[in-house]
Amino acid sequence: IVRTLVHSLCPSIFGHDIVKLGLLLCLFGGVRKSVAGSGKVPTRGSLHCLVVGDPGLGKSQMLKAVSSLAPRSIYVCGRTVSAAGLTAAVVRDQGTGAQTFEAGAVVLADRGVCCVDEFDKMPNEHQALLEAMEQQSVSVCKAGLNATLPTRTSII
């Protein structure tokens, strides 16, 4: 059954079975659990995956295929996304004039998959993903507003 799943993920790309298996494992994810000896500190169940390869091997096509399979997924390009676009931004509401949070890609993909293509083209946005990947949350303190937003997502 694993072979059938691997071959059904992006069938237009031949080979790369190990990469496809890794992407499928990120889709299925793990189980969030608490370790008994650590004072009930939860261990994250989401997997993160970094796909590295030469240009023209179909990495972007595989990411788009994963993004289309997952029910709650976001696909962003690292070349055009900002740190606020990944985490959260504060915007002024047109009707009331109040400032509110606007969720970024990682927050919108909570309990899903966030596919970041061209990760190497992101100049300074790597720092924005560190807290989201490790702590499974994003702390935002902007314009007098403070919030901690959940980001229990797999980042590929």
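Here the structure is a predicted model, which is why all the values come from computation and not from measurement.

S.K.: Got a sec to walk through the nonpolar core? Specific residues and values, please.
M.R.: Membership of the largest hydrophobic core comes to 17 residues, with the highest contact counts inside it found for Leu86, Val106, Cys114, Val116, Leu129 and Ile155. Secondary-structure elements contributing two or more residues to this core are helix H5 (105-108), strand S6 (113-117), helix H6 (126-135) and strand S7 (137-142). For this core, the leading source of residues is H5, giving three residues. Those residues in contact with Val116, other than ones at most four positions away along the chain, are Leu63, Val76, Gly78, Met122, Ile155 and Ile156. In terms of nonpolar packing, the next biggest core, distinct from the first, is built from 15 residues, Leu9, Ile13, Met62 and Val113 among them.

S.K.: Break down the layout of surface pockets for me, citing the residues and quoting the values.
M.R.: Roughly 500 Å³ of volume is contained in the largest pocket. What lines the largest pocket is a set of 23 residues, and nearest its centre among them are Val51, Lys59, Glu118, Phe119 and Asp120. Counting only elements with at least two residues in the lining of the largest pocket, the list comes to helix H3 (59-69) and S6. By residue number, the principal contributor to the lining of the largest pocket is H3, which donates three residues.

S.K.: How would you sum up unusual backbone geometry? Please name residues and give values.
M.R.: Keep in mind that most residues, glycine aside, have a negative phi and that most peptide bonds are trans. Even without glycine at this site, Arg111 takes up a positive phi of about 60°. Structurally, Arg111 is set in the loop between H5 and S6. Backbone geometry places Gln136, a non-glycine residue, at a positive phi of 65°. Within the element layout of this structure, Gln136 appears in the loop between H6 and S7.

S.K.: Explain the pairing of strand S8 (residues 145-150) to me, using residue names and the numbers behind them.
M.R.: As defined by bridge partners, S7 adjoins S8 across six bridges and the pair is classed as antiparallel. Opposite Cys141, over in S8, you have Asn146 as the bridge partner. Remark: two residues form the turn of the hairpin made by S7 and S8, two consecutive strands paired antiparallel; Ala143 in that turn has positive phi of roughly 50°.

S.K.: Summarise the sheet that holds strand S3 (residues 73-77); cite the residues concerned and give the values.
M.R.: Strands sit in the order S3-S6-S9 across an open sheet of three strands; the sheet is parallel. Unpaired on one side and paired on the other, S3 and strand S9 (154-155) mark the two borders of the sheet. Bridge count for S6 against S9 is two bridges, and the pairing is parallel. Looking at S9, one finds that Cys114 is bridged to Ile155. Across the face of the sheet, H3 comes into contact with S3 and S6 while running at roughly 160° to S6.

S.K.: Explain H6 to me, using residue names and the numbers behind them.
M.R.: Taken together, the buried positions of H6 are Ala128, Leu129 and Ala132. For H6, the arc enclosing every buried residue in end-on projection is 85°, short of the 170-degree limit, so these residues lie on one face. In H6, those exposed residues whose orientation departs by more than 90 degrees from the buried face are Gln127 and Glu134. Check the buried side of H6 and you find it contacts helix H4 (83-86), H5, S7 and S9. Of the residues one or two after H6, Gln136 is the one with positive phi, at around 65°.

S.K.: Talk me through a nonpolar patch on the surface; I want residue IDs and the actual numbers.
M.R.: Together, Ile1, Val2, Leu5, Leu21, Leu25, Phe28 and Leu47 make up a nonpolar patch on the protein surface, roughly 680 Å² of accessible area in all. If you list the elements that add at least two residues to the nonpolar patch, you get helix H1 (2-8) and helix H2 (17-28). Looking at which element gives the most residues to the nonpolar patch, the answer is H2, with three residues. Residue classification places Leu21 among the partly exposed positions, given a relative accessible area of 34%.

Definitions and cut-offs
Residues numbered from 1 in each chain as written. Predicted model: local features only at pLDDT ≥ 70, side-chain atom pairs only at ≥ 80, totals over all residues. Heavy atoms only, no water. Core = buried A, V, L, I, M, F, W, Y, C linked by side-chain atoms within 4.5 Å. Buried < 20%, exposed > 50% of the residue type's maximum accessible area, 1.4 Å probe, protein only. Helix = DSSP H or I, 4+ residues; strand = E, 2+ residues; numbered from the N terminus. Contact = heavy atoms within 4.5 Å. 1 Å grid on protein atoms, 1.4 Å probe; cavity = no way out; pocket = protein on both sides within 12 Å on 5 of 7 lines; lining within 4 Å. Points joined across faces, edges and corners; volume = space filled by probe spheres on them. Pairing = 2+ DSSP bridges. Axes fitted to C-alpha atoms, helices over the stretch in contact; angles between N-to-C directions. Arc of directions from axis to C-beta. Patch = residues over 30% accessible without salt bridge, like charges linked within 9 Å, V, L, I, M, F, W, Y side chains within 5 Å. Areas by Shrake-Rupley, 256 points an atom, 1.4 Å probe, with all protein chains shown as cover. Salt bridge = Lys/Arg side-chain N within 4 Å of Asp/Glu carboxyl O.

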